[in-house]
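Examining the three-dimensional arrangement
Chain by chain, the residues:
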There are 4 protein chains.
Amino acid sequence: MKITDAKVILTCPGRNFVTLKIITDQGVYGLGDATLNGMEKAVVAFLESYCIPALIGKDPRNTEDIWHYFYRGVYWKRGSVTLTAISAIDMALWDIKGKALNTPLYNLIGGKSRDRVMVYAHANGKDLNDTLEKVAREKEKGFLAIRVQSGIPGISDAYGVAKDSKFYEPAHKGLPNVEQWDTSKYLNYLPYLFGKVRETFGTDLHLLHDAHHRLTPVEAARLAKELEPHHLFWLEDPVTGELQEGLRLIRKQSSTPIAIGEVFNTIYDYTTLITEQLIDYIRMPLVHGGGITHMKKVADFASVYHIQTGFHGATDLSPVNLAAAIHFNMAINNFGIQEYMPHQEIVHEVFKINYRFKDGFLSVDDTPGIGVDIDEEKASRYPYEMACLPVNRKTDGTMFYW
Amino acid sequence: MKITDAKVILTCPGRNFVTLKIITDQGVYGLGDATLNGMEKAVVAFLESYCIPALIGKDPRNTEDIWHYFYRGVYWKRGSVTLTAISAIDMALWDIKGKALNTPLYNLIGGKSRDRVMVYAHANGKDLNDTLEKVAREKEKGFLAIRVQSGIPGISDAYGVAKDSKFYEPAHKGLPNVEQWDTSKYLNYLPYLFGKVRETFGTDLHLLHDAHHRLTPVEAARLAKELEPHHLFWLEDPVTGELQEGLRLIRKQSSTPIAIGEVFNTIYDYTTLITEQLIDYIRMPLVHGGGITHMKKVADFASVYHIQTGFHGATDLSPVNLAAAIHFNMAINNFGIQEYMPHQEIVHEVFKINYRFKDGFLSVDDTPGIGVDIDEEKASRYPYEMACLPVNRKTDGTMFYW
Amino acid sequence: MKITDAKVILTCPGRNFVTLKIITDQGVYGLGDATLNGMEKAVVAFLESYCIPALIGKDPRNTEDIWHYFYRGVYWKRGSVTLTAISAIDMALWDIKGKALNTPLYNLIGGKSRDRVMVYAHANGKDLNDTLEKVAREKEKGFLAIRVQSGIPGISDAYGVAKDSKFYEPAHKGLPNVEQWDTSKYLNYLPYLFGKVRETFGTDLHLLHDAHHRLTPVEAARLAKELEPHHLFWLEDPVTGELQEGLRLIRKQSSTPIAIGEVFNTIYDYTTLITEQLIDYIRMPLVHGGGITHMKKVADFASVYHIQTGFHGATDLSPVNLAAAIHFNMAINNFGIQEYMPHQEIVHEVFKINYRFKDGFLSVDDTPGIGVDIDEEKASRYPYEMACLPVNRKTDGTMFYW
Amino acid sequence: MKITDAKVILTCPGRNFVTLKIITDQGVYGLGDATLNGMEKAVVAFLESYCIPALIGKDPRNTEDIWHYFYRGVYWKRGSVTLTAISAIDMALWDIKGKALNTPLYNLIGGKSRDRVMVYAHANGKDLNDTLEKVAREKEKGFLAIRVQSGIPGISDAYGVAKDSKFYEPAHKGLPNVEQWDTSKYLNYLPYLFGKVRETFGTDLHLLHDAHHRLTPVEAARLAKELEPHHLFWLEDPVTGELQEGLRLIRKQSSTPIAIGEVFNTIYDYTTLITEQLIDYIRMPLVHGGGITHMKKVADFASVYHIQTGFHGATDLSPVNLAAAIHFNMAINNFGIQEYMPHQEIVHEVFKINYRFKDGFLSVDDTPGIGVDIDEEKASRYPYEMACLPVNRKTDGTMFYW
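Residues numbered from 1 in each chain as written. Chains lettered and ligands numbered in written order. Predicted model: local features only at pLDDT ≥ 70, side-chain atom pairs only at ≥ 80, totals over all residues. Heavy atoms only, no water.

**A short note on the packing of aromatic side chains**
Keep this limit in mind: The aromatic pairing rule takes the rings of Phe, Tyr and Trp, using the six-membered ring of Trp, and pairs them if the centres are within 6.5 Å, calling planes under 30 degrees apart stacked, those over 60 edge-to-face and the rest tilted. Put simply, DSSP marks the helices as runs of H or I at least four residues long and the strands as runs of E at least two long, and each gets a number from the N terminus on. Burial classes follow relative accessibility: with a 1.4 Å probe on protein chains only, a residue under 20% of its type's maximum area counts as buried, one over 50% as exposed, and anything between as partly exposed. Here, a charge over a ring is recorded when the distance from Lys NZ or Arg CZ to the ring centre is within 6 Å and its angle to the ring normal is within 35 degrees.
If you walk through the whole model with that rule in mind, you get 87 aromatic pairs over all chains. Note on D:Phe17 and D:Phe351: the rings are 5.7 Å apart at their centroids and 85° apart in plane angle, and the pair reads as edge-to-face. Taken as a pair, D:Phe17 in strand E2 (residues 17–24) and D:Phe351 in strand E14 (residues 351–352) lie far apart in primary sequence, 334 residues in all. Exposure remark for D:Phe17: the relative accessible area of 0% places this residue in the buried category. An aromatic cluster of at least three residues, connected via ring pairs, comprises A:Phe46, A:Tyr50, A:Tyr69 and A:Phe70. Positioned over the ring face of C:Tyr71 is C:Lys77, at 5.9 Å from the centre of the ring. Sitting above the plane of the D:Trp181 ring, D:Arg214 keeps its charged end 4.7 Å from the centroid.

**Brief notes about the pattern of salt bridges**
How we decide: Here, a salt bridge means any Lys or Arg side-chain nitrogen found within 4 Å of an Asp or Glu carboxyl oxygen.
Per the counting criterion, the structure on display carries 100 salt bridges over all chains. With a shortest N-O distance of 2.8 Å, C:Arg381 and C:Glu377 are connected by a salt bridge. Judged by its relative accessible area of 48%, C:Arg381 falls in the partly exposed class. Taking the shortest distance from any N to any O, the salt bridge between D:Lys173 and D:Glu385 comes out at 3.8 Å. Taken together, the residues span a long stretch of sequence, with D:Lys173 in strand E6 (residues 172–173) and D:Glu385 in the loop between helix H13 (376–380) and strand E18 (387–388) at a distance of 212 residues. Under the relative-accessibility criterion, D:Lys173 is labelled partly exposed at 43%. Using a relative accessible area of 40% as the deciding quantity, one classes D:Glu385 as partly exposed. Each of A:Glu236, A:Glu262, A:Arg283 and A:Glu339 takes part in salt bridges that share partners, so that together they form one network.

**A closer look at the interface of chain C and chain D**
Convention followed: Any two residues having at least one pair of non-hydrogen atoms within 4.5 Å are treated as being in contact. By buried area we mean how much accessible surface two parts lose on assembly, using a 1.4 Å probe and totalling the loss over both.
Opposite the 56 residues of chain C that make contact, chain D presents 57 residues. Here chain C packs against chain D, burying approximately 4,900 Å² in sum over the two surfaces, 62% of which is carbon and sulfur. Between chain C and chain D we count four salt bridges in total. Element by element, the count of residues in the side of chain C that touches chain D is highest for helix H1 (residues 40–55) of chain C, at eight residues.

**Some remarks on the relation of the copies chain C and chain D**
Keep this limit in mind: The superposition of copies rests on a least-squares fit of C-alpha positions from residues with pLDDT of 70 or more in both.
Once turned by 180° and shifted 0.0 Å along the axis, chain C lies on chain D with an RMSD of 0.1 Å. Both copies of the chain, as the preceding transformation shows, are related through a two-fold rotation axis. Ranked by how close their C-alpha atoms come to the rotation axis, the residues of chain C are headed by C:Gly79, at 1.6 Å. Comparing interface residues between copies, 100% of those in chain C also lie at the interface in chain D; the contact surface is shared.

**Observations concerning the interface of chain B and chain A**
Note: interface size is frequently given as the accessible area lost on complex formation between the parts. Tallying the contact residues gives 58 residues for chain B and 57 residues for chain A. Overall, the association of chain B and chain A removes approximately 4,900 Å² of surface from exposure, summing both partners, and the carbon and sulfur fraction of that is 62%. Counting the contacts that link chain B with chain A gives four salt bridges. The salt bridge involving B:Asp269 is made with A:Arg78; its shortest N-O contact spans 3.3 Å.

**As for empty space enclosed by the protein**
Selection rule: A pocket here means an open set of points on a 1 Å grid, computed over the protein atoms alone, that has protein on both sides within 12 Å along at least five of seven lines. A cavity is instead a set of points where a 1.4 Å probe fits but cannot get out; residues with an atom within 4 Å of a point line either one. Grid points are joined across faces, edges and corners, and a volume is the space filled by probe spheres set on the points.
In this structure, the largest cavity occupies an estimated 250 Å³ of space. Forming the walls of the largest cavity are 20 residues, and the residues nearest its centre are B:Leu108, B:Ile109, B:Lys296, C:Ile109 and C:Lys296. Mapped by element, the contributors of at least two residues to the lining of the largest cavity are helix H2 (63–73) and helix H10 (291–304) of chain B together with helix H2 (63–73) and helix H10 (291–304) of chain C.

**Here's the deal with helix H7 (residues 217–226) of chain D**
For H7(D), the tally of buried residues reaches nine of ten residues, placing the bulk of the element in the interior. Where H7(D) is buried, its residues touch helix H8 (248–253) of chain B together with helix H6 (183–201), strand E9 (234–236) and helix H8 (248–253) of chain D.

**A short note on the packing of H10(B) against H10(C)**
Counted only if it meets this: Structural elements are reduced to axes, namely lines fitted to C-alpha atoms, with helices fitted over the stretch in contact, and the angle between N-to-C directions of any two is expressed from 0 to 180 degrees. Roughly parallel refers to an angle under 35 degrees, roughly antiparallel to one over 145, roughly perpendicular to one between 65 and 115, and oblique to any angle outside these ranges. Note that Gly is not counted as nonpolar here; it falls among the polar residues with everything else outside the nonpolar set of Ala, Val, Leu, Ile, Met, Phe, Trp, Tyr, Cys and Pro and the charged set of Asp, Glu, Lys and Arg.
Packing of H10(B) against H10(C) brings their axes to within 9 Å, and their N-to-C directions diverge by 95°. As summarised for this structure, H10(B) and H10(C) are arranged roughly perpendicular, according to the angle between their axes. Counting all contacts with H10(B), which are made through B:Lys296, B:Lys297, B:Asp300 and B:Phe301, the residues of H10(C) involved are C:Lys296, C:Lys297, C:Asp300 and C:Phe301. Partitioned by chemical class, the residues of the contact of H10(B) with H10(C) number two nonpolar, no polar and six charged.

**Things to note about the sheet that holds strand E19 (residues 391–394) of chain A**
Residue and element names in this part refer to chain A. Where we set the bar: Any two strands are treated as partners once DSSP identifies two or more bridges connecting them.
One open sheet holds the three strands; their spatial order is E7-E19-E20, and the pairing between them is mixed. This sheet does not close on itself; its edge strands, each paired only once, are strand E7 (178–181) and strand E20 (399–400). One ladder, built from two bridges, connects E19 with E20; its direction is antiparallel. Its bridge partner being in E20, arginine 393 is matched across the sheet by methionine 399.

**Some thoughts on the packing of helix H1 (residues 40–55) of chain D against helix H3 (residues 80–101) of chain D**
Pairs of packed helices are described in terms of their axes, by the angle between the two and the distance that separates them. Residues and elements named next belong to chain D. Applied cut-off: Crossing handedness is defined as follows: a turn of the near helix away from the far one that is anticlockwise and smaller than a right angle gives a left-handed crossing, while the clockwise case is right-handed.
Viewed as axis vectors pointing N to C, H1 and H3 meet at an angle of 50°, and their least axial separation amounts to 10 Å. On the basis of the axis angle, H1 is oblique to H3. In this structure, H1 crosses over H3, and the sense of that crossing is right-handed. Between H1 and H3, the residues in contact are Ala42, Val43, Phe46, Leu47, Cys51 and Leu55 and Val81, Thr82, Thr84, Ala85 and Ile89, respectively. The residue inventory of the contact of H1 with H3, partitioned by class, reads nine nonpolar, two polar and no charged.

**Describing the sheet that holds strand E7 (residues 178–181) of chain B**
All names here are of chain B. The three strands are arranged E7-E19-E20 in an open sheet whose pairing can be described as mixed. One side of each edge strand has no neighbouring strand; the edge strands of this open sheet are E7 and strand E20 (399–400). Of the strand pairs in this sheet, E7 and strand E19 (residues 391–394) are connected by four bridges, and their pairing is parallel. By the bridge assignment for E19, valine 178 is matched with valine 391.

**Considerations on the relation of the copies chain B and chain A**
Rotating chain B by 180° about the axis while translating it 0.0 Å along that axis superimposes it on chain A, leaving an RMSD of 0.1 Å. The overlap is high: 98% of the interface residues of chain B also sit at the interface in chain A, so the same surface is used on both sides.

**Section: the environment of B:Ser49**
As a reminder of what qualifies: Within 3.5 Å is the distance limit for a polar contact, defined as a pair of N or O atoms, with the added protein rule that one can donate a hydrogen and the other accept it, and that residues adjacent in sequence qualify only through two side-chain atoms.
Looking at the secondary structure, you find B:Ser49 in helix H1 (residues 40–55). Given a relative accessible area of 14%, B:Ser49 falls into the buried group. Expressed as a C-alpha distance, the spacing of B:Ser49 and B:Gly154, which sit 105 residues apart in the sequence, is 48 Å. In contact with B:Ser49, other than residues within four places in its own chain, are A:Lys41 and A:Met386. Side-chain polar atoms of B:Ser49 contact the backbone oxygen of B:Ala45, separated by 2.8 Å.

**What about the side chain of B:Thr309?**
All names here are of chain B. Within the secondary structure, threonine 309 sits in strand E12 (residues 308–311). The buried category is assigned to threonine 309, whose relative accessible area is 1%. Here threonine 309 is in contact with Tyr281, Ile282, Ala299, Asn329, Ile332, Asn334, Phe335, Gly336 and Ile337, once residues within four sequence places are set aside.

**Focus on helix H3 (residues 80–101) of chain A**
We apply this condition: Multiplying 1.5 Å by the helix residue count minus one yields the expected span of that helix.
The terminal C-alpha atoms of H3(A) lie 31 Å apart, and with 22 residues this matches the ideal 32 Å at 1.5 Å per residue to within 8%. Trailing H3(A) by a residue or two, A:Asn102 shows a phi angle of about 60°, which is positive.

Written as structure tokens, this is what we have:
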């Protein structure tokens with residue numbers, strides 16, 4: 001079996017998606033998600049100028065060898081662009097393998113450990129009351145776990161809150177918006193917010209929150225400690241993760257579970273975090289974390305240290321990634337939860353999906369491989385439009401983490 | 001002062017170089033190297049699709065703020081593509097600052113700590129005798145320090161050895177060559193090789209060697225220990241560096257100095273290596289390590305722990321990076337050595353340089369800023385051609401580090 | 001460019017200040033603060049007997065080399081006298097560089113990361129009510145952050161509280177006052193005090209407190225933990241810092257942010273504190289911490305570990321240091337806060353300043369270099385008068401930390 | 001008993017010495033050495049402007065309280081100037097106590113643990129043969145232990161070697177000499193040198209060597225390992241000691257005993273070195289290490305970790321310090337060795353001494369107190385002359401450790 005061709009499909013049905021399609025001499029093709037929000041063009045360029053020519057002629061069944069070919073072969077290794085390309089290649093190869101063997105992906109990586117995977121929704125409210133309403137709305141939809149973000153009194157741009165539209169989408173057309181931030185006001189408000197949420201919705205609902213890298217370790221420790229009475233499912237990205245040791249202080253101070261890594265790319269971003277047991281959930285998604293091949297190793301490593309998966313799953317990843325994640329989550333033992341921010345309907349014109357949401361869970365059907373297909377003709381109707389995530393400044397102008 | 005325009009110049013005078021040119025409203029422009037061997041197109045795409053639009057209108061003097069704008073603003077951060085783009089921006093901004101203030105770069109980052117910087121040459125021999133000849137040839141040119149690589153008996157493709165040409169250039173036109181490797185033969189040969197080199201050239205010549213990531217920690221410990229009698233200036237990249245703790249074993253076993261990091265991108269790649277004092281030299285170059293702004297922080301951090309600089313400086317970096325590196329090396333106190341692999345003459349048709357080699361040292365003149373200029377018309381005569389670094393397999397076929 | 005002369009100006013407009021003036025062959029001169037409270041004469045003697053003769057003839061642009069000349073060249077290195085002298089030299093050289101290149105200091109060390117820097121005021125009350133009044137008074141002046149010190153019931157001399165004058169000045173003419181101290185009473189009172197302050201002023205005001213080295217680690221841990229509900233911006237100098245490991249216990253017990261180091265002198269005083277992330281703010285000021293050259297390294301090192309600056313800035317440092325600190329704080333990314341204890345008006349007869357306070361922030365104008373000048377004739381009208389900081393005894397007579 | 005007066009005697013019988021004389025109401029006075037090579041004026045200024053006024057009226061018997069008065073009372077604490085002044089005060093108080101009780105100092109700090117203390121001599125040779133001759137000469141004088149320094153082929157200024165006079169004195173009149181250094185040549189020569197010394201003088205002679213802070217940890221590890229066959233008594237100051245962790249690597253690599261700290265000032269400079277057992281000998285002398293009171297604590301702490309004393313004792317310390325050191329060395333259990341570089345005869349015109357050298361040992365007589373007196377009239381005949389230790393540059397101009 002040989003790879004005879006491959007191509008990149010860049011489409012913008014509401015937002016940009018990059019899809020790698022690998023074609024074989026046996027009529028079978030595979031799809032991999034290669035979407036990297038705001039950096040789509042760099043991934044496309046790398047795939048087209050280096051990866052695709054190198055793929056032609058390779059046997060697509062050799063996923064392990066091809067993974068190392070691109071990981072080790074790309075001498076100037078590491079980083080989001082490289083690993084997103086590798087992820088897309090790996091995902092497409094596993095899709096091919098499933099289709100060639102006429103079996104769904106989960107069956108190739110361990111079979112079913114469960115039939116469906118619990119997901120969490122987003123509730124993003126402008127203020128306290130709006131936030132409580134949004135939580136109620138998601139609860140009514142059947143979600144058992146909800147990430148709660150809220151506008152903060154005195155802060156013009158809290159993370160995760162739509163300013164003017166019903167549908168929250170962090171990326172905006174054109175250059176990055178410049179948002180403003182005040183950690184002190186946020187820290188004063190958050191415990192109060194979650195007190196109110198718990199008061200309104202009781203103890204059974206799983207509540208999550210994303211601090212989005214905006215805290216120093218000591219600030220994160222304070223927040224994690226003050227949120228303890230409200231029993232969060234997790235506190236996400238309390239500090240930026242480049243310095244893995246930066247998570248130690250939180251752990252000394254609090255028993256609030258910690259999730260991190262939606263911006264990570266390799267198992268090496270997690271070594272200290274895992275072996276020192278500084279976290280509880282792995283956020284790195286298949287699409288940026290090296291695909292099925294690499295993420296299986298990360299999840300297995302994490303399992304030794306009582307750590308579970310909780311993959312990133314916002315609308316900035318395509319249905320190909322989401323479907324692959326459901327397969328993955330069904331197969332491994334140490335699955336925790338899966339983020340689920342449904343795509344707009346227009347996305348499903350382009351991508352034909354095989355998963356559905358019911359009663360707080362997602363599941364896939366038995367379509368071979370990953371099970372998502374792309375309609376290239378429709379994709380071509382939505383050409384790429386530049387769109388960027390915001391940048392963030394403190395109120396004194398300091399360039400800060402978004 | 002405002003940035004009014006910027007553009008990317010991709011040229012291939014013998015090999016590919018990416019140059020960022022930032023233009024201001026005051027007639028002053030700056031140049032930054034953005035070359036990333038084999039991934040040029042990805043860097044170009046990222047610069048053109050994201051960085052350049054975002055640069056327009058910014059005040060070029062605010063180097064710290066702009067650095068963080070791109071480092072933090074690129075949400076999916078880290079990695080060679082992102083950091084190479086940031087490096088090029090930062091380098092160009094310091095070039096502008098020097099020109100605007102009419103002073104050479106070194107004067108802005110500490111003045112002169114020395115007038116010239118010791119460099120090391122490459123001697124790459126097909127076999128023992130050829131290697132000894134190559135060392136002799138570089139020594140005659142005046143080099144005081146020479147990196148010695150040699151063909152290994154029984155290995156078809158040792159790292160660093162030209163197969164068929166006089167001029168060693170690791171990148172080849174077209175797809176990656178597949179080379180073959182046998183660690184055991186290498187380990188058996190190396191101490192013998194260096195014994196012969198010392199026997200021939202005496203104790204004064206500084207000898208370096210690059211293991212090019214191909215050893216496990218225990219193999220590296222053996223090699224480092226067995227090379228002790230030959231007093232290497234450094235042993236480079238003894239193991240791959242993604243796992244910083246991977247260097248601990250060598251350090252327990254040997255006093256051979258260790259250099260690492262030509263493929264690194266940020267200070268976070270060095271935190272364990274520096275604070276645990278596992279290395280002696282920083283290899284990360286300005287062009288991939290975040291430019292002047294970030295590398296100054298890395299070098300200063302390293303200095304606290306008795307670690308010196310020894311920047312990567314092969315032909316895969318443009319004269320803009322090399323000149324900036326000489327300024328940098330002249331200014332800091334903890335300079336160690338600079339790699340110097342001279343560009344082919346054709347490169348100097350495109351880039352007008354301000355540095356010269358004499359008696360084993362490189363120095364720059366007092367041209368303001370970085371002091372290198374590019375002839376865009378000549379650059380346009382040499383369009384990009386795909387070229388890749390090799391990949392490497394063990395003799396049993398295992399995909400391995402190149 | 002050569003240094004042709006230098007002199008020390010010792011003046012006492014209300015309190016003693018030591019200023020180093022370095023003069024060049026190009027008509028440009030630079031000023032550096034060399035004030036070391038109570039030890040002024042030792043710094044003057046060292047500058048005059050060693051540093052000034054050694055400076056003559058040197059090129060003032062070589063800031064890095066000259067820094068090491070005095071740091072390494074002073075064989076019996078380290079300590080406040082040596083480093084204050086080196087700081088003054090370094091500050092004056094950067095002042096010269098800015099003037100020679102006709103650009104403000106901040107532009108040489110990264111440009112602007114913000115336009116103004118948040119400062120904190122001192123509120124020192126004799127008792128609870130007086131303290132609340134003093135906080136209110138500073139708040140009315142526009143300060144967003146206030147350090148709160150208070151007389152403690154049963155303690156005759158709490159740190160930071162004026163006994164008999166409106167203007168608090170810790171140094172007194174003549175020999176050291178002997179104050180008295182009782183840690184137990186202090187620990188019992190402090191949480192109550194801050195409870196009242198928060199009750200009166202709400203959650204938005206930033207509150208700081210200085211324990212002034214008077215606690216053991218276990219006492220500091222108790223205090224830091226009991227202050228958690230009141231959300232201090234920082235707790236300063238909870239224990240004396242000679243033993244860096246002495247801060248570990250606090251960190252295990254509390255999420256109250258910690259600041260330390262106004263009496264520190266080099267980066268080596270911070271290595272354990274930074275790499276083990278035991279603190280959140282760097283207190284070492286430019287004038288005692290090796291000037292711009294060294295403090296940039298300290299701030300950058302700290303930034304890797306999520307630590308920010310919060311420089312000492314009491315009236316015991318001259319306007320030259322304060323202006324330099326504002327430049328520095330404007331340029332770096334990891335600025336936290338700046339202490340600001342305004343000088344008496346008489347000080348501004350001698351020093352012509354370029355900064356101003358507004359709405360809780362300090363800013364400098366665009367005068368080249370540091371931007372502060374000294375009127376030597378006026379300085380000569382206020383000759384040195386011996387003045388010392390107090391010493392401190394426990395109630396049983398034990399000599400203790402002040 | 002009260003202190004009624006104190007004065008500083010600055011004299012230059014061949015080289016500068018600072019002596020503190022404390023006078024009491026009972027006719028007894030004490031002497032303390034306050035010599036700090038090249039920084040004499042700063043110590044004098046600090047003693048005269050702060051310490052002496054504060055001493056008047058105190059009870060000289062309260063050595064512990066007075067020590068803390070000056071250590072803690074000097075708010076901007078630490079460093080050579082402060083601690084040298086404190087050392088001189090402490091030494092003079094112990095001298096007074098001994099005289100007042102009519103008993104030699106050793107009797108107050110533990111009595112005699114031995115009658116005499118082994119010392120080591122300096123042998124400084126221009127080249128190999130000269131070095132061997134110098135060793136022979138010291139051996140003939142009866143020394144059992146000899147520090148061997150030698151001119152290095154190809155290095156113009158090796159540490160410790162007189163260029164043009166018979167009497168080696170590191171300080172020179174006027175501004176610092178600029179010396180030049182090449183570590184590589186030194187490392188290549190040293191093992192050969194010590195091989196020749198051992199070959200010539202056999203295994204019984206104790207050999208010491210001072211690397212004088214000029215090595216990085218990895219270089220020091222190499223040297224310590226390669227000197228192992230020659231069984232040094234100690235290798236001194238292999239790396240500069242500001243970063244105590246910097247000694248770890250040597251310890252992992254070699255069993256050569258290590259001495260460090262002639263430039264240290266407090267017990268905090270030794271905490272990591274002692275508790276991690278990175279060294280074998282304490283070099284900090286009484287005169288810079290806080291006097292009898294503080295050094296007793298340092299020596300006692302060291303004893304817990306099998307570490308012995310080996311105090312600095314070059315001609316840059318006055319006979320007062322040397323006599324006090326002999327008392328100290330006689331009294332403690334964990335004495336190792338004492339450096340002894342005899343003063344020129346002219347020194348003994350000014351200082352009347354109570355110690356003598358015999359058969360490789362120094363001993364003091366039973367004169368009460370420290371037992372050295374100063375002839376103030378003769379001292380006044382030799383006024384202070386500026387003299388400095390050299391500074392040191394690498395051959396490329398890099399400012400380096402002397």
